[in-house]
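Observations on the three-dimensional arrangement
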Amino acid sequence: MPRPLPPPKRAETIWIDGDFVPWDDANLHIFAHVIHYGSSVFEGIRCYDTPEGPAIFRLQEHIDRLFYSARVMRMEMPYSNQEVTETAIEVVRRNGFDACYIRPVVLRGAGSMGVLPRDCPIHVILAAWPWGAYLGAEALEQGIDVMISTWRKPSPGTYPTLAKIGGAYSLATLAKMEAARLGFAEAIFLDAEGRVAEGTGENLFAVHEGRVITPPLSNSVLGGITRKSIMVLARERGMEVIEQPLARDFLHMAEEVFLTGTAAEVTPIRSVDGIPVGSGRMGPVTRRLQSEFFDIIHGRVPDRHGWLTVVAGAARLPGE
Ligand code: PMP
């Protein structure tokens, strides 16, 4: 049988368990627990090209969430929070990226077979690669068409909803494939009781009668770091921001609906199940929050919240 082709090269080097290894050597044994049972936790972090050099957005919060997710999964981290944080910076530096996406993964490796992870070592991986707009560059301006997924998010108590667990994303994959098959850019999950939860990899906000509303963490949503940042920016501008359960049809009542996430940044939704949201174009609140967010992440305004970690000594090519 032919050996599977390696994935296309996206970076020079990946950090695995304390060593930087070349792309082609970043392999995992087929008996790793994670391959069979999805036992990993991970993060998605963005690094932006700013006038000060590459700058990582809210790095500490992402590493803290990684450690939280590992704790929930009873994975003992073999490295300290500070070591992982510093290594994330080093991965960007060594690969010479100006802007990239950083993917830390903590997983259970090869040990005994079976669900109970006996003698399965914990591996820690930090990879990075350049990644453009997740939902397409035009989505950030034009907005996207979404559908309500036929799949629902499990309720809290059926799985850990606040941790970013690899296995949990099989559901996101199903929902995303369903959306793609039907011609939608993204799927929105309801929670088990039918309240609006979130996208497959994004939190959701609705704007109605001047208020900015997002589902609370108890409604099966991830505590998004972009979500938290947008809430700060909205409140700074004097907007009323509330966390409140949303009925499905509230998405048809709202004047604006948008998604937030590390990958999707701030993406307007222009229709839900074929019904235009408001005028069907990006609304004024979304536009304002998106441009404030972009100004901060791209270093066009002072980093007044201390959200950016500049990658010191990053290699710039001659002439840049
Ligand atoms: N919800 C889910 C399910 C996600 O995977 C993500 C991406 N991490 C988000 C929300 C957004 O979180 P963040 O803003 O921290 O990227």
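Rules and cut-offs
- Residues numbered from 1 in each chain as written.
- Predicted model: local features only at pLDDT ≥ 70, side-chain atom pairs only at ≥ 80, totals over all residues.
- Heavy atoms only, no water.
- Helix = DSSP H or I, 4+ residues; strand = E, 2+ residues; numbered from the N terminus.
- Buried < 20%, exposed > 50% of the residue type's maximum accessible area, 1.4 Å probe, protein only.
- Contact = heavy atoms within 4.5 Å.
- Pairing = 2+ DSSP bridges.
- Patch = residues over 30% accessible without salt bridge, like charges linked within 9 Å, V, L, I, M, F, W, Y side chains within 5 Å.
- Areas by Shrake-Rupley, 256 points an atom, 1.4 Å probe, with all protein chains shown as cover.
- Salt bridge = Lys/Arg side-chain N within 4 Å of Asp/Glu carboxyl O.
- Axes fitted to C-alpha atoms, helices over the stretch in contact; angles between N-to-C directions.
- Parallel < 35°, antiparallel > 145°, perpendicular 65-115°, else oblique.
- Phe/Tyr/Trp six-rings, centres within 6.5 Å; stacked < 30°, edge-to-face > 60°.
- Lys NZ or Arg CZ within 6 Å of the ring centre and 35° of its normal.
- Near = heavy atom within 4 Å.
- Polar contact = N/O pair within 3.5 Å; in protein donor to acceptor, adjacent residues only side chain to side chain.
- Nonpolar A, V, L, I, M, F, W, Y, C, P; charged D, E, K, R; others polar.

Glancing now at the environment of Gly166. Position of Gly166 relative to the elements: it lies in the loop between β8 (144-153) and α5 (169-181). Take Gly166: its relative accessible area is 22%, and that puts it in the partly exposed class. Once the C-alpha coordinates of Gly166 and Val34 are considered, the two residues, 132 residues apart in sequence, prove to be 8.5 Å apart. Not counting the four nearest positions on each side in its chain, Gly166 is found in contact with Gly38, Ser40, Val41 and Phe42.

Along strand β7 (residues 122-129), eight of the eight residues are buried, which leaves the element largely enclosed by surrounding structure. Side chains of β7 alternate between two faces, with Ile122, Val124, Leu126 and Ala128 and His123, Ile125, Ala127 and Trp129 buried alike. Judged from the two bridges that link them, strand β1 (residues 13-16) and β7 form a sheet pairing that is antiparallel. Across the sheet, Ile16 pairs through a bridge with Ile125, a residue of β7. Here strand β6 (residues 100-108) runs beside β7; their pairing, made up of eight bridges, is antiparallel. What sits directly across from Leu107, in β7, is His123.

A cluster of nonpolar side chains, contributed by Leu28, Ile30, Phe31, Ile35, Tyr37, Met113 and Val115, occupies part of the molecular surface with about 670 Å² of accessible area. In this fold, Leu28 is placed in the loop between β2 (19-22) and α1 (33-37).

The next subject is the packing of helix α6 (residues 225-236) against helix α8 (residues 284-297). If you want to describe how two helices pack, look at the angle between their axes and the distance between the axes. Put simply, α6 and α8 touch, their axes get as near as 10 Å, and they point 110 degrees apart. The pairing of α6 with α8 is recorded here as roughly perpendicular in orientation. For the pair α6 and α8, the contacting residues are Thr226, Ile230, Leu233 and Ala234 in the first and Leu289, Glu292, Phe293 and Ile296 in the second.

Opposite charge on two side chains makes pairing possible when the charged atoms of those side chains draw close. The tally for this structure, following the rule as stated, stands at 19 salt bridges. In this structure, Lys153 and Glu198 form a salt bridge, with 2.5 Å as the shortest nitrogen-oxygen distance. Of this pair, Lys153 sits in strand β8 while Glu198 sits in strand β10 (residues 196-199), and the two are 45 residues apart along the sequence. Just as Lys153 is buried, Glu198 falls in that class too. Note that Arg300 is salt-bridged to Asp295, the shortest N-O span being 3.0 Å.

Let's shift gears to the packing of aromatic side chains. Scanning the entire structure with this criterion turns up ten aromatic pairs. Note on Tyr101 and Trp131: the rings are 4.7 Å apart at their centroids and 85 degrees apart in plane angle, and the pair reads as edge-to-face. Remark: Trp131 occurs in the loop between β7 and α4 (139-142) and Tyr101 occurs in strand β6; sequence separation between them is 30 residues. A residue is classified by how much of its surface remains accessible, and Tyr101, at 6% relative accessible area, is buried. By the ring-pair criterion, three or more aromatic residues cluster together here, those being Phe57, Phe293, Phe294 and Trp307. Against the face of Phe20 rests Arg94, its NZ or CZ located 4.1 Å from the ring centre.

Another aspect to go through is the pairing of strand β4 (residues 45-50). Along β4, five of the six residues are buried, which leaves the element largely enclosed by surrounding structure. When β4 meets β6, the two strands line up antiparallel, connected through three bridges. Residue Arg46 lies in a different strand from β6, and its bridge partner there is Tyr101. Alignment of β4 against strand β5 (residues 53-57), held across four bridges, turns out to be antiparallel. Looking at the pairing, Thr50 lines up with Gly53 of β5. Hairpin connection from β4 to β5: two residues lie between these consecutive antiparallel strands.

All right, on to the site of the ligand then. The full set close to the ligand counts 16 residues, and Tyr169, Glu198, Ile225, Thr226 and Thr262 are the nearest of them. In the environment of the ligand, an oxygen atom lies 2.4 Å from a nitrogen or oxygen atom belonging to the side chain of Tyr169. Within the complex, the protein chains bury 95% of what would otherwise be the 380 Å² of accessible surface of the ligand. Breaking the shell around the ligand down by element, the ones donating at least two residues are α2 (59-72), α6 and β14 (256-261). Looking at the shell around the ligand residue by residue, the class counts come to three nonpolar, nine polar and four charged.

What follows covers the environment of Ala264. The residue Ala264 is located in the loop between β14 and β15 (265-272) in this model. Distance from Ala264 to Gly136, taken between C-alpha atoms, is 8.8 Å for residues 128 residues apart in sequence.

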